[in-house]
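Per-entry structural report
Now for the letters of each chain:
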Amino acid sequence: MFNREIKNMTISQGKILIKLIDRYTGHTSYEMVKEMKGGISAFFYQGVAKIFGHNLKSAYDPKEDFEIENIIREFERSRPKPVM
C-alpha cells in the first residue's frame, strides 16, 4: 500500500520510520521482518539497511529520541478529540 512512498524516503525519514514502528508496536523492525519472512530474510534486510545507514534492530527510546517524542506528543495534544 505504501510501497512508492517508502521507496522515495530519505535516509533520515527511514531512520525515523524504523523508530516509530518500534514505538507503536513494541517490536523492532528486525523482529517483525523475522517473524513475517523468516530469519534469513531478516538477516538480508538488515544487511541492506546497514548499507544505507539504517539499523532494523534499533529500538525506540523516548529519552534518546526526545525530538520525535516531543513532536508526537504535540501532535496528539493539538489533534481534535473524537466525539462520542
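Quantities reported herein were computed from a predicted structural model and do not represent experimental measurements.

1. Looking at the side chain of H54
- Checked against the element boundaries, H54 lands in the loop between α4 (39–51) and α5 (66–78).
- The contacts of H54, once residues within four sequence positions are left out, are I11, G14, K15, I18 and A49.

2. Details of the side chain of S29
- Looking at the element boundaries, S29 is found in helix α3 (residues 29–37).
- Owing to a relative accessible area of 8%, S29 belongs among the buried residues under this scheme.
- Not counting residues within four places of it along the chain, the set of residues in contact with S29 comprises I18, I21 and L56.

3. Digging into the layout of surface pockets
- Empty space within the largest pocket amounts to approximately 900 Å³.
- As for the largest pocket, its lining consists of 22 residues, of which I6, L17, I18, H54 and L56 are closest to the centre.
- Of all elements in the fold, only α1 (3–7), α2 (11–25), α3 and α4 reach the threshold of two or more residues within the lining of the largest pocket.

4. Quick look at the pattern of salt bridges
- The tally for this structure, following the rule as stated, stands at five salt bridges.
- Note that K19 is salt-bridged to D65, the shortest N-O span being 3.4 Å. Separated by 46 residues along the polypeptide, K19 in helix α2 and D65 in the loop between α4 and α5 bring together distant segments of the chain.
- Given the relative accessible area of 13%, K19 is considered buried.
- Between R77 and E74 there is a salt bridge whose closest N-O contact spans 3.0 Å. Of this pair, R77 and E74 both sit in helix α5, separated by three residues, roughly a single helical turn.
- Note on R77: relative accessible area 56%, which makes it exposed.
- Under the relative-accessibility criterion, E74 is labelled partly exposed at 44%.
- One continuous salt-bridge network, built from bridges that share partners, spans K19, E64 and D65.

Reading the values: rules and limits
Residues numbered from 1 in each chain as written. Predicted model: local features only at pLDDT ≥ 70, side-chain atom pairs only at ≥ 80, totals over all residues. Heavy atoms only, no water. Helix = DSSP H or I, 4+ residues; strand = E, 2+ residues; numbered from the N terminus. Contact = heavy atoms within 4.5 Å. Buried < 20%, exposed > 50% of the residue type's maximum accessible area, 1.4 Å probe, protein only. 1 Å grid on protein atoms, 1.4 Å probe; cavity = no way out; pocket = protein on both sides within 12 Å on 5 of 7 lines; lining within 4 Å. Points joined across faces, edges and corners; volume = space filled by probe spheres on them. Salt bridge = Lys/Arg side-chain N within 4 Å of Asp/Glu carboxyl O.

Shape is all these values report; function is a separate question.
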